[in-house]
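In case you want the letters, here they are:
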Amino acid sequence: MDFDLSTEQKLIQDSARSMMERDVQPILDKHDPNKSLPKAAMLEIFSHLKNMGLMAPRLSEKDGGSGMSMLNYGLIYEQLPPFLAIAVMGHECTIARIFAEATEEQKEMFLPDLFEGKKITGTATTEPGVGSNPREVTTRVVEDGNELVINGRKMWCSNASIADIINVTCADGSDDRGANLRRVVVETDNPNMEVTEIETMGLKMGHLSEIVFDDCRVPAVNTFGSAGDAARLLTITWNGNRPLCGLAATHLAQKALDKATVYAGERTQFGKAIGGHQLVQKLLADIETNVVTSRLLCYYALDALDKGDHTNGISAMAKRYATTACEQAVSMAMHVHGAMGIAEETGLDQLYRDVRMLPIPDATNEILTLIQGRELTGMAAFR
Ligand SMILES: Cc1cc2nc3c(=O)[nH]c(=O)nc-3n(C[C@H](O)[C@H](O)[C@H](O)COP(=O)(O)OP(=O)(O)OC[C@H]3O[C@@H](n4cnc5c(N)ncnc54)[C@H](O)[C@@H]3O)c2cc1C
């Protein structure tokens, strides 16, 4: 067992940090941090992230990806501001999903510009009445000659308002057990599809949208595997996404820890720096413990995935633990600042609003608990 990053991994981490400071931050600085980033700016950022291999990190070089290990991907991912991390994950994991199910012809049709970061994509599964149980999807696709017709409404879709194509999870009504789910690629310039951004409390430079499909017609070639290989898709997407999401939370909590440590050294009360008071040191120690344990658990889950282990339980555990511990860490860092913790000028309010978004995507903490429980007991408590 070796808890040190290798020389190569330290280099990967350093070059990701440098790329963020040199190439990405200047683009972000030109835009309002409380408004969704314009598509042109996101494409400019994607052109830099592509050079780091982030457009298709989960696919091998032979398949057009960067062939990165999930752990190395996580080391880079942790350096991204979380709104961008969520956008990258929405894009690259949709590429992985399309790749897993598409024919060679379909790959050639949809993937080259996505690999290059010249086009953006995302997945639309959640609906107003369907969240934690995606098997209940009601957005309907029916065949009509050489076309497919989609009707329904999707919610909370990452990237949808800046995407060129969306991978939409639809039901074709061929049975009622959930095996009838089909993925359909829709180009967003389709006149019978309407995308509306949803205002949220955090991750404000990101893009979460509602999509309405009203007799939306696409060519029949735009659909993949009628039943799909759910287990394989699960392994290459959700089990990877969850620890990555935990690392996005860790990014925020680390920032909060850094701010609290500096403040504790500067602010004086009762004649000395507050960092010299024992209970403030306890707060700092608790924050650091939450940051370090979150990071290690997420790395551990990603490493297990790289080793080909069965990771349903550990991936669920990593995301639930990290998003909870990091939310607490940010809150404690605010507390170290006293009233200044709630002042906008410290920037802690943004960390707090952002971290609160992360226990929800790719399964809520309750669902993750049940996944872990199912792994432990062999019994599913979902239904
Ligand atoms: C930042 C972000 C990005 C997202 N990106 C996407 C995306 O790209 N594409 C997409 O399709 N969706 C996306 N989502 C949506 C996300 O996947 C859903 O919000 C999530 O699956 C939960 O669904 P819901 O909001 O409908 O909550 P619900 O399923 O309605 O759950 C409400 C509450 O009930 C609890 N609950 C539900 N079932 C159970 C149970 N069996 N036992 C105990 N408690 C239960 C939940 O934990 C939760 O607390 C995103 C969401 C966020 C916040």
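Quick caveat: nothing in here was measured; it's all calculated off a predicted structure. (Residues numbered from 1 in each chain as written. Predicted model: local features only at pLDDT ≥ 70, side-chain atom pairs only at ≥ 80, totals over all residues. Heavy atoms only, no water.)

## A closer look at unusual backbone geometry
For step 1, the next point in the chain: Of note, Phe 270 is a non-glycine position whose phi angle comes to about 55 degrees, a positive value.
For step 2, the next point in the chain: Within the secondary structure, Phe 270 is located in the loop between strand 9 (268-269) and strand 10 (272-273).
For step 3, the next point in the chain: Classification of Phe 270 by relative accessible area gives exposed; the value is 79%.
For step 4, the next point in the chain: Within the chain, Ala 363 stands out as a residue other than glycine whose phi angle is a positive 95 degrees.
For step 5, the next point in the chain: In this structure, Ala 363 sits in the loop between helix 11 (348-355) and helix 12 (365-377). (Helix = DSSP H or I, 4+ residues; strand = E, 2+ residues; numbered from the N terminus. Buried < 20%, exposed > 50% of the residue type's maximum accessible area, 1.4 Å probe, protein only.)

## Here's the deal with the packing of helix 1 (residues 7-29) against helix 2 (residues 39-51)
For step 1, the next point in the chain: Their axes nearest at 10 Å, the elements helix 1 and helix 2 cross at an angle of 175 degrees. In terms of their interaxial angle, helix 1 and helix 2 are classed as roughly antiparallel. Mapping the contact onto sequence places Met 19, Asp 23, Val 24, Ile 27 and Leu 28 in helix 1 and Ala 41, Glu 44, Ile 45, His 48 and Leu 49 in helix 2.
For step 2, the next point in the chain: Of the residues contributing to the contact of helix 1 with helix 2, the split by class is seven nonpolar, one polar and two charged. (Axes fitted to C-alpha atoms, helices over the stretch in contact; angles between N-to-C directions. Parallel < 35°, antiparallel > 145°, perpendicular 65-115°, else oblique. Contact = heavy atoms within 4.5 Å. Nonpolar A, V, L, I, M, F, W, Y, C, P; charged D, E, K, R; others polar.)

## Re helix 12
For step 1, the next point in the chain: Here helix 12 is 13 residues long and its end C-alpha atoms lie 18 Å apart, about the 18 Å a rise of 1.5 Å per residue gives.
For step 2, the next point in the chain: Taken together, the buried positions of helix 12 are Asn 365, Ile 367, Leu 368, Ile 371 and Gln 372. Relative to the axis of helix 12, the buried residues are bounded by an arc of 165 degrees and lie together on one face.
For step 3, the next point in the chain: Packing partners of the buried residues in helix 12 comprise helix 8 (238-266) and helix 10 (312-336).
For step 4, the next point in the chain: Positive phi appears at Gly 378, one or two residues downstream of helix 12, with a value of about 80 degrees. (Expected span 1.5 Å × (residues − 1). Arc of directions from axis to C-beta.)

## Quick word on the site of the ligand
For step 1, the next point in the chain: Near the ligand you find 18 residues, and of these Thr 125, Thr 126, Ser 132, Thr 364 and Glu 366 are the closest.
For step 2, the next point in the chain: Contact between the ligand and Trp 156: a nitrogen atom at 3.2 Å from a main-chain N or O atom of the residue.
For step 3, the next point in the chain: The fraction of the free accessible surface of the ligand (980 Å²) that becomes covered by protein chains is 66%.
For step 4, the next point in the chain: If you list the elements that add at least two residues to the shell around the ligand, you get strand 1 (121-124), strand 3 (147-158) and helix 12.
For step 5, the next point in the chain: The residue makeup of the shell around the ligand, split by class, is ten nonpolar, seven polar and one charged.
For step 6, the next point in the chain: Counting contributing residues, the shell around the ligand receives three or more from each of domain 2 (121-228) and domain 3 (237-377). (Near = heavy atom within 4 Å. Polar contact = N/O pair within 3.5 Å; in protein donor to acceptor, adjacent residues only side chain to side chain. Areas by Shrake-Rupley, 256 points an atom, 1.4 Å probe, with all protein chains shown as cover. Domains from an automatic or database assignment.)

## Digging into the state of the cysteines
For step 1, the next point in the chain: Enumeration over the complete set of coordinates arrives at zero disulfides.
For step 2, the next point in the chain: Cys 216 takes part in no disulfide bond, and the closest cysteine sulfur to it belongs to Cys 170, at a distance of 9.0 Å.
For step 3, the next point in the chain: Cys 216 gets classed as buried once you look at its relative accessible area, which sits at 0%.
For step 4, the next point in the chain: In this structure Cys 245 is not part of a disulfide, and its nearest cysteine sulfur, from Cys 298, lies 9.0 Å away. (Disulfide = S-S within 2.5 Å.)

## Notes on the domain arrangement of the chain
By a frequent convention, interface size equals the accessible area lost on bringing the separate parts together.
For step 1, the next point in the chain: When its domains are assigned, the chain resolves into domain 1 (7-115), domain 2 (121-228) and domain 3 (237-377).
For step 2, the next point in the chain: Between domain 1 and domain 3, the C-alpha centre-to-centre distance is 23 Å.
For step 3, the next point in the chain: Facing 20 residues of domain 1, the contacting portion of domain 3 comprises 20 residues.
For step 4, the next point in the chain: Taking both partners together, domain 1 and domain 3 bury about 1,600 Å²; carbon and sulfur atoms supply 65% of that area.
For step 5, the next point in the chain: Three residues, Met 70, Glu 78 and Pro 82, lead the burial of domain 1 against domain 3; their summed loss comes to 36% of the area buried on that side.
For step 6, the next point in the chain: Two residues, Arg 295 and Glu 78, come together in a salt bridge whose shortest N-O distance is 2.7 Å.
For step 7, the next point in the chain: Here domain 1 and domain 3 share eight residue pairs in polar contact (both at pLDDT 80 or more) between them.
For step 8, the next point in the chain: Secondary-structure elements contributing two or more residues to the side of domain 1 that touches domain 3 are helix 3 (70-77) and helix 4 (82-101).
For step 9, the next point in the chain: Residues belonging to the side of domain 1 that touches domain 3 are distributed by class as follows: twelve nonpolar, five polar and three charged. (Buried area = accessible area lost by both parts, 1.4 Å probe. Salt bridge = Lys/Arg side-chain N within 4 Å of Asp/Glu carboxyl O.)

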